[in-house]
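Each chain, letter by letter, is given below.
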Amino acid sequence: MNGGQAMVVRTQSKGREIIGLQVGANNVRRYFPKGMAVIEIELDHLQIQCTLPPGFWLDQPEIQDPRLSLWLASKNFHLRPSRTPVPLAMIPNGKNSFRLRPIARDSRPRSRPAADTFNPA
């Protein structure tokens, strides 16, 4: 496993309800040894175990668990106006263990275009 490097995963929704995480095939190949049946996910102060379905390594690179869904909903990701999947960082944290964290938005203000020195307004 790639110790400490975060992978980007996305929330997975069904209508207005967030049901889990879309991990992606590349992340599965890179971070999850084939045959791993259970992983631990640290969600803030909560640690849960999630079972990985057999299709996880084939065509369904998804993690679904009712406790994970509740945690995602508590973060108000379902209120996102565009309803696009929300990217999250999933960070390896030991054997079969990961921390799930929101990806920090760039908090710097957007720069304004420089004033035109030849045509001051």
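Refer to the structure printed above.
Residues numbered from 1 in each chain as written. Predicted model: local features only at pLDDT ≥ 70, side-chain atom pairs only at ≥ 80, totals over all residues. Heavy atoms only, no water.

Undergrad: Please explain the overall build of the chain as it appears in this structure.
TA: In terms of helices and strands, the chain carries two helices and seven strands. For the chain, the accessible surface area stands at approximately 8300 Å², while carbon and sulfur atoms represent 51% of it. (Helix = DSSP H or I, 4+ residues; strand = E, 2+ residues; numbered from the N terminus. Areas by Shrake-Rupley, 256 points an atom, 1.4 Å probe, with all protein chains shown as cover.)

Undergrad: I would appreciate a short explanation of the pattern of salt bridges in the present structure.
TA: Two side chains of opposite charge can pair, provided their charged atoms sit close to one another. The full count for this structure, using the stated rule, is three salt bridges. One salt bridge in this structure joins Asp-44 and Lys-75, with 2.7 Å as the shortest N-O distance. Separated by 31 residues along the polypeptide, Asp-44 in the loop between strand E3 (38-43) and strand E4 (46-51) and Lys-75 in the loop between helix H2 (66-74) and strand E6 (87-92) bring together distant segments of the chain. Taking the relative accessible area as the measure of exposure, Lys-75 reaches 32% and is therefore partly exposed. (Salt bridge = Lys/Arg side-chain N within 4 Å of Asp/Glu carboxyl O. Buried < 20%, exposed > 50% of the residue type's maximum accessible area, 1.4 Å probe, protein only.)

Undergrad: Please clarify how the side chain of Thr-11 should be interpreted in this entry.
TA: Within the secondary structure, Thr-11 sits in strand E1 (residues 7-14). The exposure class assigned to Thr-11 is buried, which follows from its relative accessible area of 4%. There is a polar contact of 2.8 Å between the side chain of Thr-11 and the backbone nitrogen of Val-86. (Polar contact = N/O pair within 3.5 Å; in protein donor to acceptor, adjacent residues only side chain to side chain.)

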